[in-house]
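Summary of structural features
The residues making up each chain are set out below.
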Amino acid sequence: GYVVERVQGGAADLLLRREGRSTLVSAKRWKAARHGEDNLQALHAAARSRDASGSLYVALGELSPNAQR
């Protein structure tokens, strides 16, 4: 039930839209063993600049302690 758009460049890969709400998705580094706060901050900034309702960071590895905070 979502409309999906590919996002070119930047912190996000996809923009999901449904019922007037939008979510930015980042899945670029999903295979990385550890994820730092810089990637999460970039995604958050991108979501704010696009006035997105939320954001989603897809990863298999763990978040660093700073990223968890």
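In what follows, the accompanying structure is described. (Residues numbered from 1 in each chain as written. Predicted model: local features only at pLDDT ≥ 70, side-chain atom pairs only at ≥ 80, totals over all residues. Heavy atoms only, no water.)

1. As for unusual backbone geometry
Negative phi values dominate among residues other than glycine, just as trans dominates among peptide bonds. To be explicit about the condition: Put simply, DSSP marks the helices as runs of H or I at least four residues long and the strands as runs of E at least two long, and each gets a number from the N terminus on.
Positioned with a positive phi, Glu 19 is a non-glycine residue whose angle comes to about 50 degrees. By secondary structure assignment, the location of Glu 19 is in the loop between β2 (14–18) and β3 (21–26). Unlike most non-glycine residues, Asp 51 shows phi in positive territory, near 55 degrees. Within the secondary structure, Asp 51 is located in the loop between α1 (37–49) and β5 (54–57).

2. Section: the sheet that holds β5
To keep it simple, the criterion reads: Any two strands with at least two DSSP bridges between them are considered paired. Interaxial angles span 0 to 180 degrees and are taken between N-to-C directions of axes, which are lines fitted to C-alpha atoms, for helices over the stretch in contact.
Pairing within the open sheet is mixed, and its four strands lie in the order β1-β2-β3-β5. Each end of this open sheet is capped by a strand with a single partner; those strands are β1 (3–6) and β5. Going from strand to strand, the sheet's axes swing by 20 degrees on average, the running direction of each strand aside. Note: β2 against β3, five bridges, orientation antiparallel.

3. Let's talk about the pattern of salt bridges
Pairing between side chains of opposite charge can happen when their charged atoms approach one another. Rules: Whenever a carboxyl oxygen of Asp or Glu lies within 4 Å of a side-chain nitrogen of Lys or Arg, that contact is scored as a salt bridge. Between buried and exposed lies partly exposed: a residue is buried under 20% and exposed over 50% of the maximum accessible area for its type, with that area taken using a 1.4 Å probe on protein chains only.
This model, assessed by the stated rule, comprises three salt bridges. For Arg 17, the salt bridge is made with Glu 5, and the minimal N-O distance between the two is 3.3 Å. Taken as a pair, Arg 17 in strand β2 and Glu 5 in strand β1 lie far apart in primary sequence, twelve residues in all. For Glu 5, a relative accessible area of 35% translates into the label partly exposed. Residues Arg 34 and Glu 62 are paired through a salt bridge, measuring 2.4 Å at the closest nitrogen-oxygen approach. Here Glu 62 lies in strand β6 (residues 62–63) and Arg 34 lies in strand β4 (residues 34–35), a separation of 28 residues in the sequence.

4. Quick word on the nonpolar core
Worth spelling out the cut-off: Joining through side-chain atoms within 4.5 Å is the link that ties buried Ala, Val, Leu, Ile, Met, Phe, Trp, Tyr and Cys residues into a set, and such a set is a nonpolar core. Should any heavy atoms of two residues lie within 4.5 Å, those residues are counted as being in contact.
With ten residues, the main nonpolar core is built from Val 7, Ala 11, Ala 12, Leu 15, Leu 24, Leu 43, Ala 46, Ala 47, Ala 52 and Tyr 57. With three residues, α1 is the largest single contributor of residues to this core. Contact partners of Leu 43, with chain neighbours within four places excluded, come to Ala 11, Ala 12, Leu 24, Ser 26, Ser 55, Leu 56 and Tyr 57.

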